[in-house]
Amino acid sequence: GKLADCSSRKAVESELFIVEGDSAGGSAKQGRNRRNQAILPLRGKILNVEKARLDRMLASKEIKSLVIAMGASIGETFDMSKLRYHKIIIMTDADVDGAHIMTLILTLFFRYFRPLIENGHVFIAKPPLYKISRGKQVHYVYTESEKDRIITGMEETSDAKINIQRYKGLGEMNPEQLWETTMDPERRILKMVSIAEAQEADRIFDVLMGDEVQPRRKFIQTHARSVQNLDV
């Protein structure tokens, strides 16, 4: 329904961006390369497939849209040769909710589309955390250490005011910014997902969101002092 398809019919050059939210989906649709980049916005957090039967999964509109968009079916009828995009890119916000949504999607792929991961078709897009500007100088920054280095360099060369914008979500970027930071093949940062990473995501999701309280309590007690991403 919400899929904005690309014009190319060559799977080897086509990309499907799975985008968190309609706002970011709108910017992605405007900023993309329409020839080979398709956009599928997902609303909210998809179903936890770890505990759901296949029929309940396919009753989920978001999962059904994703299965249809990829074109390779699911379950016993899954057929890799019918995959419509050779790059499937998960693009979520750089915050706690975005990480949760990413984990849910990775769990879906690990449980029902493992050949996509095994054959190197699943990627995670890394959006910038900050936009740092001074005058006509603009830097998009992806890590805290990079931010500190850029700011230090600017302070050494001039006393002009430095503007720092923290991106809480993809929807805060206009189409041009989203293209040049996260979608442009010449400049974007993509991380190919491996089976080990998907398996770990699946394990962590089961610990944090499963029915067993004790593993969740133990995880929180173990990692409480080393939390780096805290959504306040």
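Residues numbered from 1 in each chain as written. Predicted model: local features only at pLDDT ≥ 70, side-chain atom pairs only at ≥ 80, totals over all residues. Heavy atoms only, no water.

**Q** Can you tell me about the pattern of salt bridges, naming the residues and giving the values?
**A** Tallied over the full model, the rule gives eight salt bridges. Between K2 and D22 there is a salt bridge whose closest N-O contact spans 3.1 Å. Here K2 is found in the segment before β1 (15–20), whereas its partner D22 is found in helix α1 (residues 22–31), with 20 residues between them in sequence. Assessed through its relative accessible area of 31%, K2 is described here as partly exposed. Note that R187 and D184 form a salt bridge whose closest N and O atoms lie 3.0 Å from each other. For D184, a relative accessible area of 7% translates into the label buried. (Salt bridge = Lys/Arg side-chain N within 4 Å of Asp/Glu carboxyl O. Helix = DSSP H or I, 4+ residues; strand = E, 2+ residues; numbered from the N terminus. Buried < 20%, exposed > 50% of the residue type's maximum accessible area, 1.4 Å probe, protein only.)

**Q** Any chance you could break down unusual backbone geometry for me, citing the residues and the numbers?
**A** One non-glycine residue, S73, lies in positive phi territory at about 65 degrees. As for its placement among the helices and strands, S73 is situated in the loop between α3 (61–70) and β3 (87–91). Looking at S73, the relative accessible area reads 28%, which means it is partly exposed.

**Q** Explain the sheet that holds strand β5 (residues 130–134) to me, and be specific about the residues and the numbers.
**A** Taking strand neighbours across the sheet as the criterion, the three strands line up as β6-β5-β7 in an open arrangement whose pairing is antiparallel. The sheet is open, and its two edges are formed by β6 (137–141) and β7 (163–166), each paired on a single side. Sheet twist, expressed as the average angle between the axes of neighbouring strands with direction ignored, equals 15 degrees. Judged from the four bridges that link them, β5 and β7 form a sheet pairing that is antiparallel. (Pairing = 2+ DSSP bridges. Axes fitted to C-alpha atoms, helices over the stretch in contact; angles between N-to-C directions.)

**Q** Can you explain the pairing of β5? Please cite residues and give values.
**A** Across the five residues that make up β5, a large majority, four, are buried. Pairing between β5 and β6: five bridges, direction antiparallel. Bridge pairing in β6 places S133 opposite V138. Counting the residues between successive antiparallel strands, the hairpin from β5 to β6 contains two residues, one of them, G135, with a positive phi of roughly 65 degrees.

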